[in-house]
Amino acid sequence: RVLNVDYRLAPEHRFPAAHDDCLRATRWAARALHRDVVLIGDSVGGNLSLSVGALLIGADVTVRGIVSISPLTDFTLSSPSLTTRRARDPFTYCAGLPELRQMYLGDDEALARDPRASPLFADVRGLAPTLVQMGSEEICYDDGLRMAGRIHEAGGRVRFEEWQGMFHTWHHYAGALSGAD
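Residues numbered from 1 in each chain as written. Predicted model: local features only at pLDDT ≥ 70, side-chain atom pairs only at ≥ 80, totals over all residues. Heavy atoms only, no water.

Colleague: Any chance you could explain the packing of aromatic side chains here in plain terms?
Modeller: Describing an aromatic ring pair means giving the distance of the ring centres and the angle of the ring planes. Scanning the model with the defined rule gives five aromatic pairs in all. Plain terms: the ring middles of Phe167 and Tyr173 are 5.6 Å apart, the flat faces sit at 70° to each other, and that makes the pair edge-to-face. When its relative accessible area of 33% is taken as the criterion, Tyr173 is described as partly exposed. Among the aromatic residues, ring-to-ring pairing joins Phe15, Phe75 and Tyr104 into one connected group. Arg85 extends its terminal NZ or CZ atom over the ring of Tyr141, reaching a point 4.0 Å from the ring centre. Above the face of the Phe121 ring, Arg113 is positioned so that its terminal group lies 4.4 Å from the ring centre. (Phe/Tyr/Trp six-rings, centres within 6.5 Å; stacked < 30°, edge-to-face > 60°. Buried < 20%, exposed > 50% of the residue type's maximum accessible area, 1.4 Å probe, protein only. Lys NZ or Arg CZ within 6 Å of the ring centre and 35° of its normal.)

Colleague: For this particular structure, what's the right way to read the pairing of strand β1 (residues 37-42)?
Modeller: The side chains of a regular strand alternate, residue by residue, between the two faces of the sheet. By the alternation rule, side chains of β1 split into Val37, Leu39 and Gly41, which are all buried, and Val38, Ile40 and Asp42, of which none is buried. Handedness of the β-α-β unit built from β1, helix α2 (residues 44-55) and strand β2 (residues 63-69) comes out right-handed. (Helix = DSSP H or I, 4+ residues; strand = E, 2+ residues; numbered from the N terminus. Right-handed = clockwise from strand over helix to strand, strands pointing away.)

Colleague: Any chance you could explain the environment of Leu33 here in plain terms?
Modeller: As for its placement among the helices and strands, Leu33 is situated in helix α1 (residues 17-33). Taking C-alpha positions, Leu33 is 38 Å from Asp108, a pair spaced 75 residues apart along the chain.

Colleague: Where do I start with unusual backbone geometry in this structure?
Modeller: Excluding glycine, residues mostly have negative phi values, and the peptide bonds linking residues are mostly trans. Geometrically, the link from Ala10 to Pro11 is a cis peptide bond, its omega value of 10° lying close to zero. Following Phe15, the chain continues to Pro16 via a peptide bond in cis, the omega torsion being 10°. Residue position: Pro16 is located in the segment before α1. The phi dihedral of His34 is positive, around 55°, even though this residue is not glycine. One non-glycine residue, Thr169, lies in positive phi territory at about 50°. A relative accessible area of 13% places Thr169 in the buried class.

Colleague: Looking at this structure, how should I read the nonpolar core?
Modeller: Nonpolar side chains in soluble globular proteins tend to end up buried together. By size, the foremost hydrophobic cluster in this structure holds 36 residues, and its most contacted members are Val63, Ile66, Phe75, Tyr104 and Leu105. Looking at this core, the elements that each hand over two or more residues are α1, β1, α2, β2, α4 (97-105), β3 (130-135) and α5 (141-153). Each residue touching Tyr104, except ones within four places of it in the same chain, is listed here: Ala10, Arg14, Phe15, Ala18, Leu48 and Phe75. (Core = buried A, V, L, I, M, F, W, Y, C linked by side-chain atoms within 4.5 Å. Contact = heavy atoms within 4.5 Å.)

Colleague: Got a minute to help me understand the pattern of salt bridges in this structure?
Modeller: Note that side chains of opposite charge can pair when their charged atoms are close. Evaluated as defined, the whole model comprises 10 salt bridges. Its salt-bridge partner being Arg88, residue Glu137 comes within 2.8 Å of it at the nearest N-O pair. Here Arg88 lies in the loop between α3 (81-84) and α4 and Glu137 lies in the loop between β3 and α5, a separation of 49 residues in the sequence. Judged by relative accessible area, which is 39%, Arg88 ranks as partly exposed. The structure contains a network of salt bridges with shared partners spanning Arg8, Asp21 and Arg24. (Salt bridge = Lys/Arg side-chain N within 4 Å of Asp/Glu carboxyl O.)

Colleague: Any chance you could explain α4 here in plain terms?
Modeller: Every α-helical turn comprises 3.6 residues, leaving residues that sit three or four positions apart pointing alike. If you check which residues of α4 are buried, you get Leu97, Tyr104 and Leu105. Down the axis of α4, the buried set is contained in an arc of 80°. They therefore lie on one face. (Arc of directions from axis to C-beta.)

Colleague: Where do I start with the sheet that holds β1 in this structure?
Modeller: Strand pairing in a sheet relies on backbone hydrogen bonds, with the paired strands running either antiparallel or parallel. Taking strand neighbours across the sheet as the criterion, the four strands line up as β1-β2-β3-β4 in an open arrangement whose pairing is parallel. Lying at the two open borders of the sheet, with one neighbouring strand each, are β1 and β4 (158-163). Adjacent strand axes in the sheet meet at a mean angle of 10°, parallel and antiparallel pairs treated alike. The pairing of β3 with β4 spans six bridges and is parallel. (Pairing = 2+ DSSP bridges. Axes fitted to C-alpha atoms, helices over the stretch in contact; angles between N-to-C directions.)

Colleague: Just checking my understanding: could you explain the packing of α1 against α2 for this structure?
Modeller: Two quantities define a packed helix pair, namely the angle between the helix axes and the distance between the axes. Contact pair α1 / α2: the axes reach a minimum separation of 10 Å and the direction vectors enclose 60°. On the basis of the axis angle, α1 is oblique to α2. The handedness of the crossing between α1 and α2 is right-handed. Of the residues in α2, those in contact with Ala18, His19, Cys22, Leu23 and Thr26 of α1 are Leu48, Ser51, Val52 and Leu55. For the contact of α1 with α2, the residue count by class is six nonpolar, three polar and no charged. (Parallel < 35°, antiparallel > 145°, perpendicular 65-115°, else oblique. Left-handed = near helix turned anticlockwise from the far one by under 90°. Nonpolar A, V, L, I, M, F, W, Y, C, P; charged D, E, K, R; others polar.)

What follows is the structure in structure tokens.
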């Protein structure tokens, strides 16, 4: 079974609304279905799958796995690829990221380091086995690579996949773009 969470969006609903919605939906699904869960998301959804998975370590819900596709994991926006791959990722508007961060987090810059917003700063010891997929051309590349490194350093099981020639959330083009299948 698949549950697609229609979480609240910024700027109408700022952080932590989306995170709280996903956490609540995950707990509901696990209880209602009497099942363990696998968290999957791309882009902001990839961020949410990691942050919710980290928050549920040792909690009342068993997360069996996480698939995080093209996640932005660090809202401090300090990853070098945000600028070094800017011209290589045709589907991401890098110059607008500070404005998007402000719409999501508001004016409190300290929230950029909150592990619910930036899972790169979460305690990931005990995180479920995780797959991180990144396109080789995307601006969020270093966010995914750094996140995979943090999970590995914490003793977690993580697989990092780099898809050559692909850009942010290329999966949406499966069947229409060579290499996306």
